[in-house]
Amino acid sequence: MIAKKSLELYKDIEFLFVFKPECYNDKYQKISSERIKILKTTENFKMLLSAADIFFSFQNNKNSTLPPPLTWIEAMGMGIPILTTYAKGVEEIIEDMKNGFISPDIPGLIEKIRHIKEMDLSFISQNAIQTIFNKFNLDYITEQYFNSWEEVISE
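For every chain, the first residue of the written sequence is number 1, and numbering continues from 1 along that sequence. pLDDT decides what is reported in this predicted model: residues at 70 or higher carry local features, side-chain atom pairs at 80 or more are listed and counted, and totals for whole chains, interfaces and linings draw on all residues regardless. The side-chain figures draw on all heavy atoms in the structure; neither hydrogens nor water molecules are used.

A. Here's a closer look at the confidence of the model for the chain. Per-residue pLDDT for the chain has a mean of 89; in total, 100% of the residues score no lower than 70. Known as pLDDT, the predictor's confidence for each residue is given on a scale from 0 to 100. Working definition: helices are DSSP H or I runs of at least four residues, strands are E runs of at least two. Numbering for both runs from the N terminus. At the level of individual helices and strands, the chain shows its lowest average pLDDT in helix 6 (residues 138-154), which scores 83, and its highest in helix 5 (residues 122-135), which scores 96.

Okay, here's the thing in structure tokens:
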């Protein structure tokens, strides 16, 4: 729905959906077109990801809590900003318009896409890389882990 509506509005974009084999449904091929490509694979994911300008990953349930998916960390580490809808936990990794994009809801995604198309993404891409370097490097994670245990032990 979002992809089809976006394609109607913007003639210079395309979508690539990549599903894990266990999450793929044959009915998805009915949606496939010249500008909506649908793949069932986990192979070469990083290569496919490197061709993207934006990693589109929306959430259906605003009330659920979302830990940052590994695919978001991989994408951001490669300088590819995430476009998602709001859910609890999203703000743990994405800062809207700084290192990625958060829409308050699904209808707002199309407006967000319009806004993104008008932007130079180099600043956002660099911030995405920096976020991953700062929050997901081994030294930082080790320090946070030990700090958590020190707090438990000292109580």
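B. Representation of the sheet that holds strand 5 (residues 101-103). Pairing between strands requires that DSSP locate at least two bridges from one strand to the other. With respect to topology, 3 strands assemble into an open sheet ordered 3-4-5, the strand pairing being parallel. Each edge of the open sheet carries a strand with a single partner, namely strand 3 (55-56) and strand 5. Two strands pair when backbone bridges link them, and strand 4 (residues 82-85) and strand 5 are joined in this way by 3 bridges, in the parallel orientation. Residue pairing in the sheet places Leu83 in a bridge with Phe101 of strand 5.

C. Structural view of the environment of Phe15. Counting through the fold element by element, Phe15 comes out in strand 1 (residues 15-19). Placed 110 residues apart in sequence, Phe15 and Ser125 show a C-alpha to C-alpha distance of 19 Å. Contacts: residue pairs with any heavy atoms within 4.5 Å of one another. With residues near it in sequence (within four places) discarded, Phe15 still touches Ala3, Ser6, Leu7, Arg35, Ile36, Lys37, Phe56 and Ile113.

D. Structural detail: the pairing of strand 4. Residues of strand 4 alternate between two faces, with Ile82 and Thr84 on one and Leu83 and Thr85 on the opposite face, all of them buried. Pairing analysis gives 2 bridges linking strand 3 to strand 4, with the strands arranged parallel. Across the sheet, the residue bridging to Phe56 is Leu83, located in strand 4. Think of it in three bands: residues with accessible area under 20% of the maximum for their type are buried, residues over 50% are exposed, and the middle band is partly exposed, with areas taken using a 1.4 Å probe on protein chains only.

E. Helix 6, seen in detail. Multiplying one less than the number of residues by 1.5 Å gives the expected span of a helix. Helix length check: helix 6, at 17 residues, gives a terminal C-alpha distance of 24 Å against a target of 24 Å (1.5 Å per residue), a fit within 8%. By the criterion applied in these results, polar contacts are pairs of N or O atoms within 3.5 Å in which, for protein atoms, one can donate a hydrogen and the other can accept it, and in which residues neighboring in sequence qualify only through two side-chain atoms. Between the side-chain oxygen of the N-cap and the backbone nitrogen of Asp139 there are 3.0 Å, and the N-cap of helix 6 in question is Asn137.

F. Region of interest: the nonpolar core. Core analysis: the biggest nonpolar cluster contains 17 residues, and Ile13, Phe15, Leu83, Phe101 and Ile113 have the highest contact counts within it. For this core, the secondary structure elements donating two or more residues are helix 1 (2-9), strand 2 (36-40) and helix 4 (107-117). In terms of residue count, the dominant contributor to this core is helix 4 (4 residues). For this analysis, a nonpolar core means a set of buried residues of the types Ala, Val, Leu, Ile, Met, Phe, Trp, Tyr and Cys, connected via side-chain atoms within 4.5 Å. In this structure, Leu66, Ile73, Ile82 and Val90 belong to the second largest nonpolar core, which totals 16 residues.

G. Spatial organisation of the pattern of salt bridges. A carboxyl oxygen of Asp or Glu within 4 Å of a side-chain nitrogen of Lys or Arg is what we treat as a salt bridge. One pass over the structure, following the stated rule, counts 4 salt bridges. Two residues, Lys117 and Asp12, come together in a salt bridge whose shortest N-O distance is 2.6 Å. Taken as a pair, Lys117 in helix 4 and Asp12 in the loop between helix 1 and strand 1 lie far apart in primary sequence, 105 residues in all. Residue classification places Lys117 among the partly exposed positions, given a relative accessible area of 34%. Among the ionic pairs, Lys112 bridges to Asp96, the shortest N-O distance being 2.9 Å. Of this pair, Lys112 sits in helix 4 while Asp96 sits in the loop between strand 4 and strand 5, and the two are 16 residues apart along the sequence. Taking the relative accessible area as the measure of exposure, Asp96 reaches 35% and is therefore partly exposed. Because the salt bridges share partners, they merge into one network encompassing Glu111, Arg114 and Glu118.

H. Region of the structure containing the packing of aromatic side chains. In this analysis, rings of Phe, Tyr and Trp, with Trp reduced to its six-membered ring, are considered paired at centre separations within 6.5 Å, and the interplanar angle assigns stacked below 30 degrees, edge-to-face beyond 60, and tilted for intermediate values. Scanning the entire structure with this criterion turns up 9 aromatic pairs. Look at Phe15 and Phe17: their rings are 5.9 Å apart centre to centre, the planes differ by 5°, and that puts the pair in the stacked class. Judged by its relative accessible area of 23%, Phe17 is partly exposed. Ring geometry for Tyr24 against Tyr28: centres 5.7 Å apart, planes inclined by 85°, an arrangement best described as edge-to-face. The class of Tyr24 is buried, set by a relative accessible area of 15%. A relative accessible area of 22% means that Tyr28 is categorised as partly exposed. Connected via pairs of aromatic rings, a cluster forms that spans Phe15, Phe17, Phe56 and Phe58.

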